[in-house]
Amino acid sequence: MQESAGNTVYYQLKKQIVNMELPPGTALSEKEMSITFNVSRTPVRESFVRLAQEGLVLVLPQRGTRVSLIDPDLVLEAQFMREQLERAVIRLACKQFSPERLDELKSNLSLQQESFLQHDGMAMFELDEQFHRILFEGVNKLGTWTVIQQMNAHLNRSRILWMRTEPRWEHLFEQHRDMYEAICQKDEALADRLMEKHLALSIYNLGLLQKKFPDYFKQPTN
């Protein structure tokens, strides 16, 4: 029960941090979290340790625990890794994607279209993630997707921050649609170019976000 409670607290806190429900710099209290999740302090404390290991919280002696600032270097590193792996994956998808997986992508695209028409940013973000996960599943690389997720937290926070700042997401849908069509046509070169352009959006506005939300980002030390 204790392990289950710890996992629940950990995953819920991580989701709230990544989704920016708990913005960078937010103070976290063991006591308050134990009340919120209706658990003892032990699973909360263990969750803080796990999140600290992932760079999502800072445990400061005598000063308590806070949600970490977004680290631009980790944003860029995660984007670099995603670009290399996802371009390889979409090329594989052009060779070996099943009709069933194509149907999953098509259904996902329909939901994306509904989301941006309804201005539902979080739904759009989650469907974006699901679209890419389907690509990895479809070429039997789900383990690689899991590794990416372990590196993605700082990148995803900046992505969500931008989506809340700029609520026009038609271009995301259009890029996903074009990638789907390239896979259907088995056009590896086109799919690769589309994925490269698509993932570049993840960091295109990073500098602007740092200027607009300086309190959310880790500042250079030099």
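Novice: Help me understand the overall build of the chain in this model?
Specialist: Across its full length, the chain carries 11 helices and 3 strands. The order of helices and strands in the chain, counted from the N terminus, is α-β-α-α-β-β-α-α-α-α-α-α-α-α. Taking 2.2 N^0.38 as the reference for a compact globule, 222 residues should give roughly 17 Å; the C-alpha atoms of the chain span a radius of gyration of 19 Å, in line with that estimate. Expressed as lengths along the three principal axes of its C-alpha atoms, the size of the chain is roughly 60 × 45 × 35 Å. Out of the 222 residues belonging to the chain, those deemed buried represent 44%. Residue pairs at least 24 apart in sequence account for 76% of intrachain contacts in the chain once pairs closer than 6 positions are excluded. As presented, the chain carries roughly 11900 Å² of accessible surface, and 51% of it is formed by carbon and sulfur atoms. Within the chain, one finds 27 positive and 30 negative side-chain charges whose respective centroids are separated by 4 Å.

Novice: Help me out: how do you make sense of the packing of aromatic side chains in this one?
Specialist: The geometry of an aromatic ring pair comes down to the distance between the two centres and the angle between the two planes. Tallied over the entire structure, the rule returns 4 aromatic pairs. Centroid distance Phe-116 to Phe-173: 5.5 Å. Interplanar angle 50 degrees. Geometry classified as tilted. Of this pair, Phe-116 sits in helix α5 (residues 99-117) while Phe-173 sits in helix α9 (residues 170-184), and the two are 57 residues apart along the sequence. A relative accessible area of 11% places Phe-116 in the buried class. Residue classification places Phe-173 among the buried positions, given a relative accessible area of 9%. Ring geometry for Phe-213 against Tyr-216: centres 5.6 Å apart, planes inclined by 10 degrees, an arrangement best described as stacked. Classification of Tyr-216 by relative accessible area gives partly exposed; the value is 22%. Across from the ring centre of Tyr-10, 3.7 Å away, lies the NZ or CZ of Arg-50, which sits over that ring. Against the face of Tyr-11 rests Arg-50, its NZ or CZ located 6.0 Å from the ring centre.

Novice: Any chance you could explain the sheet that holds strand β1 (residues 27-28) here in plain terms?
Specialist: Working definition: the strands of a sheet are paired by backbone hydrogen bonds and lie parallel or antiparallel to each other. Spatially, the 3 strands line up as an open sheet ordered β1-β3-β2, and their pairing is antiparallel. Of all the strands in the sheet, the pair left with one neighbour each is β1 and β2 (57-60). In this sheet, strand β3 (residues 64-67) lies alongside β1 in antiparallel orientation, the contact comprising 2 bridges. Residue Leu-28 lies in a different strand from β3, and its bridge partner there is Thr-65.

Parameters and conventions
Residues numbered from 1 in each chain as written. Predicted model: local features only at pLDDT ≥ 70, side-chain atom pairs only at ≥ 80, totals over all residues. Heavy atoms only, no water. Helix = DSSP H or I, 4+ residues; strand = E, 2+ residues; numbered from the N terminus. Rg over C-alpha atoms; globule rule 2.2 N^0.38 Å. Buried < 20%, exposed > 50% of the residue type's maximum accessible area, 1.4 Å probe, protein only. Contact = heavy atoms within 4.5 Å. Areas by Shrake-Rupley, 256 points an atom, 1.4 Å probe, with all protein chains shown as cover. Lys, Arg positive; Asp, Glu negative; His and termini not counted. Charge placed at Lys NZ, Arg CZ, Asp CG, Glu CD. Phe/Tyr/Trp six-rings, centres within 6.5 Å; stacked < 30°, edge-to-face > 60°. Lys NZ or Arg CZ within 6 Å of the ring centre and 35° of its normal. Pairing = 2+ DSSP bridges.

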